Amino acid sequence: MLETANSETLRQIGRSPVRHDVADKLTGAALYVSDMILPGMLYAQVKKSPHARAKIRRIDVSRAKRLPGVRAILTGHDLDYRLGLYVVDKDILAKNEIRHFGEAVAAVAADTLAIAHEAVELIEVDYEILTPILNHMDALAPGAPLVHPDLASYDFVEAAFSPQPGTNIANLTKCRKGDVEKGFAEAEWIVEREYTNPSVQHVPMETHVAIAQWKSGDRVDIWTSAQSPFTVRDLFCHTFKLPLNNVRVVIPNVGGGFGGKAGIHLEPLVACLSRKAGGRPVKFQATREEEFSLLPCRSALTYRIKTGVLADGRIIAQKMEMFWDAGAYADYAVNVTRATGYSAAGPYEIPNAWVDAYTVYTNKPYGTAYRGFGHVEFFWGLERHMELVAQTIGMDPLEFRRKNLLKPGAITLTGEVITEHNGDVRKCLDSVAKAIGYGALTPAEKAREARTGLKIGKGVATLHKAPAMPPFTATSVVVKMNSDGTVIANVGLTDIGQGSTTAFAQIAAERLRFPLNKVRVTIEKDTDRDPYDWQTVASKGLMLTGNALMLACADLLDKAYQTAAQALRADVCDLDHDGDKIFIVHRPEISVTFAQLSIGYSYPDGGAIGGPLIGVGRYTAQGLTNLDKGSGQGLPALDWTYGAHGIIVEVDPTTGAYHILKIASAYDVGKAINLESVRGQCIGGMVQGLGTALCEGYIYDQQGHLLNPSFTDNKIPTCKDLPDEIDCIIVETPQLDGPYGARGVGEHPMISVAPALGNAIRSATGAELTHMPIRSEDVWRAMNSKPPVETWITKTPVGSCRSLPVDR
């Protein structure tokens with residue numbers, strides 16, 4: 001929408017006003033669910049399993065019941081309900097069997113948090129400990145114990161997912177393009193390797209927290225730190241068989257989400273405790289340790305890639321197998337599998353492709369959405385693999401990538417034809433390569449090497465991602481004019497820190513031609529008050545909600561013009577407006593203010609016309625389809641956002657210790673609505689991606705106990721880990737159906753940071769890394785080839801095959 005608007009004439013778009021929420025957040029005035037205390041509120045705690053897999057023989061709550069101040073106790077057998085986003089496989093509290101370490105088996109609501117803590121300690125649970133399945137590859141073995149023996153009986157979304165009953169496979173996504181075996185037969189080289197990464201925690205500043213009050217008439221009020229109020233409401237009502245108008249969900253400010261607060265989590269439990277306690281509100285806030293084990297994480301991945309290449313460096317065939325560790329429950333992991341399945345080849349044109357993507361149950365905390373929705377994980381393998389293939393055939397990695405990049409006319413894995421309006425990944429790649437001086441060391445860098453004895457390397461990596469969402473995804477916006485001519489916009493999308501509230505205000509102000517200070521977008525979300533939005537996920541909000549907002553503004557202006565035409569006795573076609581009034585174009589002194597029109601125009605004799613000015617906009621994703629389950633063909637992508645990273649790293653060749661000297665990142669955002677917000681997303685996402693690359697990851701013992709459930713041993717980046725120099729580059733190829741040509745960039749800065757780093761380290765030292773995170777000791781082992789893993793390289797004309805030792 002208005003993608004061809006002249007940037008020089010835009011008054012609000014492309015500027016960087018101060019974020020509308022900054023003062024409240026900096027001064028502590030912003031309200032979070034964590035801050036809320038309701039009259040008569042009780043506090044909840046849960047009894048968590050110390051085992052990864054066990055039968056529950058008996059739960060004795062008698063001592064806890066006798067504790068003064070305890071108002072409600074629940075166990076799994078009190079709750080005949082099951083939850084699930086796409087596969088309905090999770091009990092609110094475990095009953096009969098424990099499926100992961102830290103799973104809740106009982107819950108208490110009490111007058112104080114201290115009493116609730118004491119009560120759960122008094123609950124006694126007798127377990128029959130079973131051997132857990134901790135590796136997703138082991139879970140696929142014939143005869144492996146089933147995490148969900150009743151998988152065949154579970155409800156699931158049949159249009160998109162394919163559980164495999166009798167196995168540990170919660171979903172299998174397939175994608176087929178061309179003839180992959182014929183492609184391999186024509187290849188000059190065939191290169192195959194496996195890449196892995198562990199589960200990771202989201203680490204939002206505000207942990208999961210929810211308050212619920214189950215009132216008379218089965219009316220339920222929920223206040224929650226969640227990403228998507230309508231998803232919480234809809235899933236809650238589906239679980240409890242309630243009409244949607246019985247349940248109200250309110251989301252105030254949210255202290256970060258990153259995908260971990262998508263879907264539904266604590267809300268059903270606190271609602272059931274409230275019902276058991278006679279309707280008193282109940283609050284539960286997870287501790288940081290509970291974030292690591294009770295609540296979901298990012299899924300681990302094993303990615304096997306086999307690539308066939310022609311003599312000139314063109315990829316002719318690629319077979320990709322993804323094995324996603326869902327943990328104990330399917331949650332978002334099955335959709336991560338689906339989204340990465342159709343995106344698995346990255347921004348490369350591959351004429352013959354085969355993808356099998358599996359979601360695998362194990363006895364570990366369950367996986368869910370995480371910023372990048374699986375792309376951070378698989379791009380680690382894909383972009384390390386592109387480096388390996390280029391190295392194998394003797395081609396510069398940058399030139400190898402450029403030769404195989406998607407371009408207008410190219411066809412994606414699912415059959416979508418790329419156009420010039422999809423974005424320019426080549427420009428992103430070339431921009432970061434130029435920014436880091438790719439291909440050679442500068443005289444200053446050579447002098448630094450000589451002075452320090454350290455090795456400097458440079459690496460690049462590409463990225464892409466489309467919003468992972470149903471083809472029918474929709475949103476709506478209501479714009480209301482106040483009696484002074486100011487405007488309030490109600491949107492269903494949640495601002496979880498990404499700055500969407502300010503960006504939407506800029507879009508509305510631009511479309512209305514109002515000063516920015518006359519527009520306010522509400523922060524608190526309320527399903528009883530705000531219009532519907534599918535979810536706050538997938539980097540789709542700017543485009544879909546932005547379009548709906550523009551339509552709502554146009555609707556409001558249309559109604560204002562209709563009333564103004566009557567008031568001014570003029571034809572609508574002869575009217576124009578500024579930020580204060582509507583006037584006759586050829587007689588600008590004849591006008592009526594928006595304030596006069598806002599709640600209905602009144603004539604001098606008291607007669608009135610019009611009425612309150614309210615604009616409504618709704619927008620649905622256009623032209624998308626479900627994917628064929630056999631071939632994966634279809635149109636799943638609302639848009640593609642492309643990008644690239646370039647990294648300069650300095651490595652100690654003796655110890656493997658390294659430091660990032662510079663990172664340059666480029667993204668084709670279509671049109672930057674707020675330049676500083678884009679920069680903030682780029683830097684914040686890049687640093688979060690560095691955490692994945694440097695240090696983050698779950699570690700378990702052989703019994704499935706999580707050994708690093710806190711920041712003591714599960715590190716995240718600090719300011720000491722930041723690169724010396726950060727360069728953010730914005731590329732703008734307008735998206736035809738985006739607001740002013742914009743497309744989303746919220747998730748993308750995290751993607752491909754790790755492989756760019758791995759490629760830079762290989763350039764500096766020759767160390768081959770196939771597992772992240774990349775710690776100093778991992779670099780040292782890789783440099784010394786300890787322990788080896790196999791990389792299979794075949795040069796087909798002579799039939800030779802050899803294995804190369806690389807580090808796991």
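A short tour of the structure in this document, coming up. (Residues numbered from 1 in each chain as written. Predicted model: local features only at pLDDT ≥ 70, side-chain atom pairs only at ≥ 80, totals over all residues. Heavy atoms only, no water.)

Glancing now at empty space enclosed by the protein. Considering all chains together, one arrives at seven cavities of 30 Å³ or more under this definition. In this structure, the largest cavity encloses a volume near 210 Å³. As for the largest cavity, its lining consists of 19 residues, of which Lys90, Ile92, Ala104, His265 and Leu294 are closest to the centre. Looking at the lining of the largest cavity, the elements with two or more residues in it are strand E5 (90–91) and helix H7 (267–276). Of the residues belonging to the lining of the largest cavity, the class tally is 14 nonpolar, two polar and three charged. (1 Å grid on protein atoms, 1.4 Å probe; cavity = no way out; pocket = protein on both sides within 12 Å on 5 of 7 lines; lining within 4 Å. Points joined across faces, edges and corners; volume = space filled by probe spheres on them. Helix = DSSP H or I, 4+ residues; strand = E, 2+ residues; numbered from the N terminus. Nonpolar A, V, L, I, M, F, W, Y, C, P; charged D, E, K, R; others polar.)

Turning to the nonpolar core, a few remarks are in order. Soluble, globular proteins show a tendency: their nonpolar side chains are buried together. Phe236, Leu757 and Ile761 are the most contacted members of the largest nonpolar core, which totals 216 residues. If near-sequence neighbours (up to four positions away) are discounted, Phe236 is found in contact with Trp214, Val220, Ile222, Leu242, Val247, Ile264, Glu267, Pro268 and Ala271. Core analysis: the next-biggest nonpolar cluster, separate from the first, contains 21 residues, Ala54, Ile56, Ile73 and Val125 among them. (Core = buried A, V, L, I, M, F, W, Y, C linked by side-chain atoms within 4.5 Å. Buried < 20%, exposed > 50% of the residue type's maximum accessible area, 1.4 Å probe, protein only. Contact = heavy atoms within 4.5 Å.)

Attention shifts here to the pairing of strand E24 (residues 581–584). Judged from the three bridges that link them, strand E23 (residues 575–577) and E24 form a sheet pairing that is antiparallel. Residue pairing in the sheet places Leu575 in a bridge with Ile584 of E24. Counted along the chain from E23 to the antiparallel partner E24, the turn is three residues long. In the sheet, E24 pairs with strand E25 (residues 587–593) via four bridges, with the strands oriented antiparallel. The residue bridging Ile584 from the neighbouring strand is Arg587, located in E25. In this structure, the hairpin formed by E24 and E25 is closed by a connection of two residues. (Pairing = 2+ DSSP bridges.)

The next thing to look at is a nonpolar patch on the surface. A grouping of Val18, Val22 and Leu26 is seen on the molecular surface, where their side chains present a nonpolar patch of about 300 Å² in accessible area. On the secondary structure map, Val18 appears in the segment before helix H1 (22–27). Note on Val18: relative accessible area 62%, which makes it exposed. (Patch = residues over 30% accessible without salt bridge, like charges linked within 9 Å, V, L, I, M, F, W, Y side chains within 5 Å. Areas by Shrake-Rupley, 256 points an atom, 1.4 Å probe, with all protein chains shown as cover. Salt bridge = Lys/Arg side-chain N within 4 Å of Asp/Glu carboxyl O.)

All of the buried residues along helix H11 (residues 397–404) are Pro397, Leu398, Phe400, Arg401 and Asn404. Summarising the axial view, the buried residues of H11 lie within an arc of 165 degrees, below the 170-degree limit, and thus occupy one face. Here the buried face of H11 lies against strand E15 (300–309), strand E16 (315–327), helix H10 (375–393), helix H12 (425–436), strand E18 (455–465) and helix H18 (753–765). Measuring from the side-chain oxygen of the N-cap residue of H11 to the backbone nitrogen of Leu398 gives 2.9 Å; that N-cap residue is Asp396. (Arc of directions from axis to C-beta. Polar contact = N/O pair within 3.5 Å; in protein donor to acceptor, adjacent residues only side chain to side chain.)

Our focus in this paragraph is the state of the cysteines. This model, assessed by the stated rule, comprises zero disulfides. Take Cys428: it sits in no disulfide, and the sulfur closest to it among the cysteines is that of Cys682, at 10 Å. On the accessibility criterion, Cys428 (0% relative accessible area) is buried. (Disulfide = S-S within 2.5 Å.)

Reading across from one edge, E21-E20-E19-E28 is the order of the four strands in this open sheet, with mixed pairing throughout. Two strands in the sheet have a free side with no partner beyond their single neighbour: strand E21 (519–521) and strand E28 (614–620). Put simply, the sheet's adjacent strands are angled 20 degrees from each other on average, direction ignored. Relative to E21, helix H14 (residues 500–512) is tilted by about 145 degrees, and along the sheet it contacts strand E20 (487–491) and E21. Its contacts with the sheet place helix H15 (residues 541–568) against strand E19 (474–481), E20 and E28, and it is angled at close to 145 degrees to E28. (Axes fitted to C-alpha atoms, helices over the stretch in contact; angles between N-to-C directions.)

Taken as a whole, this structure holds 17 aromatic pairs when the rule is applied. For the ring pair Tyr329 and Tyr366, a centre distance of 6.0 Å and an interplane angle of 75 degrees mean the geometry is edge-to-face. Placement of the pair is Tyr329 in the loop between E16 and helix H9 (333–343) and Tyr366 in the loop between strand E17 (353–361) and H10, with a sequence separation of 37 residues. Residue Tyr366 is classed as buried on the basis of its relative accessible area of 4%. Ring geometry for Tyr332 and Phe373: centres 5.9 Å apart, planes at 85 degrees, overall edge-to-face. Remark: Phe373 occurs in the loop between E17 and H10 and Tyr332 occurs in the loop between E16 and H9; sequence separation between them is 41 residues. No difference in accessibility class separates Tyr332 from Phe373, as the two residues are buried. Linked through ring pairs, Tyr81, Trp214, Phe236 and Phe240 together constitute an aromatic cluster. Cation over ring: Lys90 sits above Tyr329, and NZ or CZ is 5.5 Å from the ring centre. (Phe/Tyr/Trp six-rings, centres within 6.5 Å; stacked < 30°, edge-to-face > 60°. Lys NZ or Arg CZ within 6 Å of the ring centre and 35° of its normal.)

These values are about where atoms sit, not about what they do.
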